[in-house]
Amino acid sequence: MYNNYSLGEREEREELLAAVIFDITEKQVVPKKDIKEIYVIKHSDGVYPFNYEVVLELKNGTRTVYQWENENKTKVMISSS
């Protein structure tokens, strides 16, 4: 699926995606073979930078949603949504 993102939106999306991938591979140590899909959702009604979320779906059916922990984008956290 292709979405037409402006350059700024793409950078914001990729910054969060990179932080989440680092978190799940380096800190949580989720094996690559267990990952089914990783994708980004942009909410139109969210407040920057919390309007983006990254969804991690594992092959066992587990689904985890991540977002920035704070407005300075220093750490990712598991979202409550």
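Below is a summary of the structure that appears in this document. None of the values given here were measured: they were computed from a predicted structure.

## Some remarks on the environment of Leu17
For step 1, the next point in the chain: As for its placement among the helices and strands, Leu17 is situated in helix α1 (residues 7-27).
For step 2, the next point in the chain: Given the relative accessible area of 23%, Leu17 is considered partly exposed.
For step 3, the next point in the chain: Between the C-alpha atom of Leu17 and that of Ile38, which follows or precedes it by 21 residues, the distance is 8.6 Å.
For step 4, the next point in the chain: Apart from the residues lying within four places of it in its own chain, the contact partners of Leu17 are Ile38, Val40 and Val54.

## A look at the sheet that holds strand β3 (residues 63-68)
For step 1, the next point in the chain: Spatial ordering of the open sheet is given by β1-β2-β3-β4, a layout of 4 strands whose pairing is antiparallel. Of all strands in the sheet, those with a lone pairing partner are β1 (35-42) and β4 (76-78), marking the two edges. When the angles between neighbouring strand axes are averaged without regard to direction, this sheet yields 25°.
For step 2, the next point in the chain: Where β3 meets β4, 3 bridges bridge the pair, whose relative direction is antiparallel. Within β4, the position partnered with Gln67 by the bridge is Met77.

## A short note on the pairing of β3
For step 1, the next point in the chain: The buried fraction of β3 is high, at 5 of 6 residues.
For step 2, the next point in the chain: Pairing of strand β2 (residues 52-58) with β3, which is carried by 4 bridges, proceeds in the antiparallel orientation. Directly across from Leu56, in β3, lies its bridge partner Thr64.
For step 3, the next point in the chain: The hairpin formed by β2 and β3 contains 4 residues between the paired strands, and Gly61 there has a positive phi angle of roughly 95°.

Analysis parameters
- Residues numbered from 1 in each chain as written.
- Predicted model: local features only at pLDDT ≥ 70, side-chain atom pairs only at ≥ 80, totals over all residues.
- Heavy atoms only, no water.
- Helix = DSSP H or I, 4+ residues; strand = E, 2+ residues; numbered from the N terminus.
- Buried < 20%, exposed > 50% of the residue type's maximum accessible area, 1.4 Å probe, protein only.
- Contact = heavy atoms within 4.5 Å.
- Pairing = 2+ DSSP bridges.
- Axes fitted to C-alpha atoms, helices over the stretch in contact; angles between N-to-C directions.

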